[in-house]
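Residue-level listing of the chains:
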Amino acid sequence: MVFVQDMLLWLQDTDVATAIRESDLLFPAVETVHVLAIALVVGTIAQVDLRLLGFGFRGRTVAELTRAVLPWTLGSFLLASVTGALLFASNPVHYFANGPFRLKFLLLLLAGGNAALFHLLGRRPVAARLSGAVSLCCWVAIIASGRWIGFTLQ
Amino acid sequence: MIPAFCNWLAETRISAALGRVEWVVPGVQSVHLLLIAAVMGAVLFLGLRLLGLHGTAESVAVAARRLLPVIWGGVAGLGATGAVLIVAEPARELTNPAFGCKMLLLGLMLLVTLHVQRQLSRAPGRVWGAVTLIGWVGILAAGRWIAYTQVL
């Protein structure tokens, strides 16, 4: 754990982290892009999840829908990761110790594992429905735990 | 007048009740964010389709018939959850310049969306795609900025 703390302190002292921490404008600006990116991740993936569950978006097949939607989900996720890393760097020791922050990462792993399983196990209807439900629940909880970070961060 | 209204609202029983339960504001904000995600997901594909940059296998009208109900339904839910947040902490929003910007932009974008909806049979111009994408991103940004421009 000493090693982890050293890494966090090193990150905190980098120029980028210091700039975000000490500017009145940079943190909210990066955070705004982070929120936009998350909204796009969840707003796009929810269209696929709801389609898998059989609610709405029925005009196209699942395959057509995922081909149209998922590149935008992945691009938005990349943007959310980069901006999230910048926010984390501005105050790494406290984010790392924050309960909702850790929960959010656990849920991200779960959502990622679920998505990987869906692509590996293919398109059997029951599995697809279950996968859509798990994905939707994960992303709802990710948004809630992310919002909770702002109320609990030291 | 607005500060007086804030004070009156903050002293109502319902505002006090919402303020006493500490999970109400973060919980309702989380639902508000989920609805923002739903709206932004629909806005993304509507804006791109209007611009002709994505999903051109479908007509604008077909895409809009799928996406517009998500936007209108989402906005209705956002109004309801937003109202709860205002009652819980009136001065945080009602005396806040970022909130004023957000409401102004929202009003404009509702008119733009209505305009697009009415033009569907004649294929709305591409410019409305750009206006849709930029306008809704602006609403989201102004909303996030409420936390940083509190006056009281």
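Scoring rules and cut-offs
Residues numbered from 1 in each chain as written. Chains lettered and ligands numbered in written order. Predicted model: local features only at pLDDT ≥ 70, side-chain atom pairs only at ≥ 80, totals over all residues. Helix = DSSP H or I, 4+ residues; strand = E, 2+ residues; numbered from the N terminus. Buried ≥ 20, exposed ≤ 12 C-beta atoms within 10 Å, placed from the backbone. Contact = placed C-beta atoms within 7 Å. Expected span 1.5 Å × (residues − 1). Bend = angle between axes of the 7 residues up to and from the residue. Core = buried A, V, L, I, M, F, W, Y, C linked by C-beta atoms within 7 Å. Nonpolar A, V, L, I, M, F, W, Y, C, P; charged D, E, K, R; others polar. Axes fitted to C-alpha atoms, helices over the stretch in contact; angles between N-to-C directions. Parallel < 35°, antiparallel > 145°, perpendicular 65-115°, else oblique. Left-handed = near helix turned anticlockwise from the far one by under 90°. pLDDT = per-residue confidence, 0-100.

J.: Break down the overall build of chain A for me, citing the residues and quoting the values.
T.: Along its length, chain A carries seven helices and zero strands. In chain A, the succession of α and β elements from N to C terminus is α-α-α-α-α-α-α. In terms of overall dimensions, chain A has C-alpha extents of about 50 × 30 × 25 Å along its principal axes. Put simply, chain A has 154 residues, and 33% of those count as buried. For chain A, long-range pairs separated by at least 24 residues make up 77% of all intrachain contacts whose partners lie at least 6 apart in sequence.

J.: Can you tell me about the overall build of chain B, naming the residues and giving the values?
T.: For chain B, the helix and strand inventory stands at seven helices and zero strands. Along chain B, helices and strands appear, N-terminal first, in the series α-α-α-α-α-α-α. Split into buried and exposed, the 152 residues of chain B put 35% on the buried side.

J.: How would you summarise helix 4 (residues 60-88) of chain B if you had to cite specific residues and measurements?
T.: Residue and element names in this part refer to chain B. Its 29 residues place the ends of helix 4 40 Å apart at the C-alpha level, agreeing with the 42 Å of an ideal helix rising 1.5 Å per residue. Of all the bends in helix 4, the greatest, near 30°, is centred on R66, and the proline P69 appears no more than four residues after it. Here helix 4 has its buried residues at V60, A63, A64, L67, V70, I71, G74, L78, T81, G82 and A88. Against helix 2 (13-20), helix 3 (24-51) and helix 6 (97-119) lie the buried residues of helix 4.

J.: I'd like a description of unusual backbone geometry, backed by residues and values.
T.: Residues and elements named next belong to chain B. The phi angle at A123 is positive, at roughly 55°, despite the residue not being glycine. Inspection of the secondary structure puts A123 in the loop between helix 6 and helix 7 (127-145). Look at A123 and you get exposed, because 11 C-beta atoms sit within 10 Å.

J.: Which residues make up the nonpolar core, and what values go with them?
T.: Counting 60 residues, the largest nonpolar core has A39 of chain A together with A37 and M40 of chain B as the members making the most contacts within it. At the level of elements, helix 3 (26-53), helix 4 (62-90), helix 6 (99-121) and helix 7 (125-152) of chain A together with helix 3, helix 4, helix 6 and helix 7 of chain B are the ones that each hand at least two residues to this core.

J.: Outline the interface of chain B and chain A, listing residues and values.
T.: In this assembly, 21 residues from chain B lie in contact with 22 residues from chain A. Secondary-structure elements contributing two or more residues to the side of chain B that touches chain A are helix 3, helix 4 and helix 7 of chain B. The element contributing the most residues to the side of chain B that touches chain A is helix 3 of chain B, with twelve residues. In terms of residue class, the side of chain B that touches chain A is built from 15 nonpolar, four polar and two charged.

J.: Tell me about the packing of helix 6 of chain A against helix 7 of chain A, and please be specific about residues and values.
T.: All names here are of chain A. Running from N to C, helix 6 and helix 7 point in directions that differ by 160°, and their axes come no closer than 8 Å. Judged by the inter-axis angle, helix 6 sits roughly antiparallel to helix 7. Crossing angle aside, the handedness with which helix 6 passes helix 7 is left-handed. Looking at the contact of helix 6 with helix 7, its residues break down into 19 nonpolar, seven polar and one charged.

J.: If you had to explain the environment of G19 of chain B to someone new, which residues and values would you point to?
T.: Here G19 of chain B is to be found in helix 2. In sequence terms G19 of chain B and I36 of chain B are 17 residues apart; their C-alpha atoms lie 23 Å from each other.

J.: Summarise the environment of A98 of chain B; cite the residues concerned and give the values.
T.: All names here are of chain B. Along the chain, the position of A98 falls in helix 6. Separated by 50 residues in sequence, A98 and Y148 have C-alpha atoms that sit 8.5 Å apart. For A98, the contacting residues outside a window of four places in its chain are A142, W145, I146 and T149.

J.: Quick one: what's the story with the packing of helix 3 of chain A against helix 7 of chain B, residue by residue and with numbers?
T.: Where helix 3 of chain A contacts helix 7 of chain B, the two axes come as close as 10 Å, and the packing angle between them is 130°. Taken together, the axis directions place helix 3 of chain A and helix 7 of chain B in an arrangement best described as oblique. At the point where helix 3 of chain A passes helix 7 of chain B, the crossing takes the right-handed sense. Counted together, P28, E31, T32, V35, L36 and A39 of chain A of helix 3 of chain A and V137, L140, A141, R144 and W145 of chain B of helix 7 of chain B form the full contact between these two elements. Looking at the contact of helix 3 of chain A with helix 7 of chain B, its residues break down into eight nonpolar, one polar and two charged.

J.: Account for the confidence of the model for chain B, naming residues and giving values.
T.: Put simply, chain B has an average pLDDT of 95, and 99% of its residues get 70 or more. What the predictor reports for the complex is a pTM of 0.95 with an ipTM of 0.94.

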